[in-house]
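# Observations on the three-dimensional arrangement
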Amino acid sequence: MEQMTRTGVYGVAIEDGKMLLITQVSGPFKGKYDFPGGGIEFGETPEEALRREFEEEVGMGFRSFVFEANLSN
């Protein structure tokens, strides 16, 4: 069996003290809450991937954001 590693990005959107969450519609976490995000496609920067995922999942864009990478396990 071939093993593959995939890197993803997830965003936390907060406005007026409220946090945006999505509900997973498929997969092993179907019905569970999650942050908007997903896999980084070939050639994308993490920032581009996050902007794309927000547009795809919640139809939302943003003018600016703070990017913090958490690379700890």
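Structure's up top.
First, a word on what this report is: a plain description of the structure on this page. Every chain is numbered on its own, with residues counted from 1 as its sequence reads. Local features in this predicted model are restricted to residues of pLDDT 70 or higher, and side-chain atom pairs are both shown and tallied only at a pLDDT of 80 or more, whereas totals for entire chains, interfaces and linings draw on every residue. Derived side-chain values reflect all non-hydrogen atoms in the structure, with water molecules and hydrogen atoms excluded from consideration.

### What about the side chain of Glu 44?
- Along the chain, the position of Glu 44 falls in the loop between strand 6 (37–39) and helix 1 (46–58).
- Any residue under 20% of the maximum accessible area for its type is buried, any over 50% is exposed, and the rest in between are partly exposed; the area is computed with a 1.4 Å probe on protein chains only. Since its relative accessible area comes to 19%, Glu 44 is described here as buried.
- Pairing of N or O atoms within 3.5 Å defines a polar contact, subject to two protein rules: one partner must be a possible hydrogen donor and the other a possible acceptor, and residues neighboring in sequence count only if both atoms are side-chain atoms. Engagement of the side chain of Glu 44 in a polar contact is seen with the side chain of Arg 52, the distance being 2.7 Å.
- Only heavy atoms enter the contact rule, under which two residues are in contact if any of them lie within 4.5 Å. Among residues more than four places away in sequence, those in contact with Glu 44 are Gly 39, Ala 49 and Arg 52. The numbering of helices and of strands both runs from the N terminus, where a helix is a DSSP run of H or I of at least 4 residues and a strand a run of E of at least 2.

### With respect to the nonpolar core
- We call a set of buried residues a nonpolar core when its members are Ala, Val, Leu, Ile, Met, Phe, Trp, Tyr or Cys and they connect through side-chain atoms within 4.5 Å of each other. Core analysis: the biggest nonpolar cluster contains five residues, these being Val 9, Ala 13, Ala 49, Leu 50 and Phe 54.
- With three residues, helix 1 is the single largest residue contributor to this core.
- Those residues within four positions of Leu 50 in sequence are excluded, and the remaining contacts are Val 9, Tyr 10, Gly 11, Pro 36 and Phe 62.

### Quick look at the pattern of salt bridges
- Every case where a carboxyl oxygen of Asp or Glu lies within 4 Å of a side-chain nitrogen of Lys or Arg is listed as a salt bridge. According to the stated counting rule, one finds four salt bridges in the structure shown.
- For the salt bridge of Arg 52 with Glu 53, the shortest nitrogen-to-oxygen distance reads 3.1 Å. Residue Arg 52 shares its accessibility class with Glu 53, and that shared class is buried.
- One salt bridge connects Arg 52 with Glu 56, and the closest N-O pair in it is separated by 3.3 Å. One end of the pair is Arg 52 and the other is Glu 56, both in helix 1 and four residues apart, which spans about a single turn.
- Glu 56 gets classed as exposed once you look at its relative accessible area, which sits at 51%.
- It is possible to trace a salt-bridge network through shared partners that takes in Glu 41, Glu 44, Arg 52, Glu 53 and Glu 56.

Any link to function would need more than the numbers given here.
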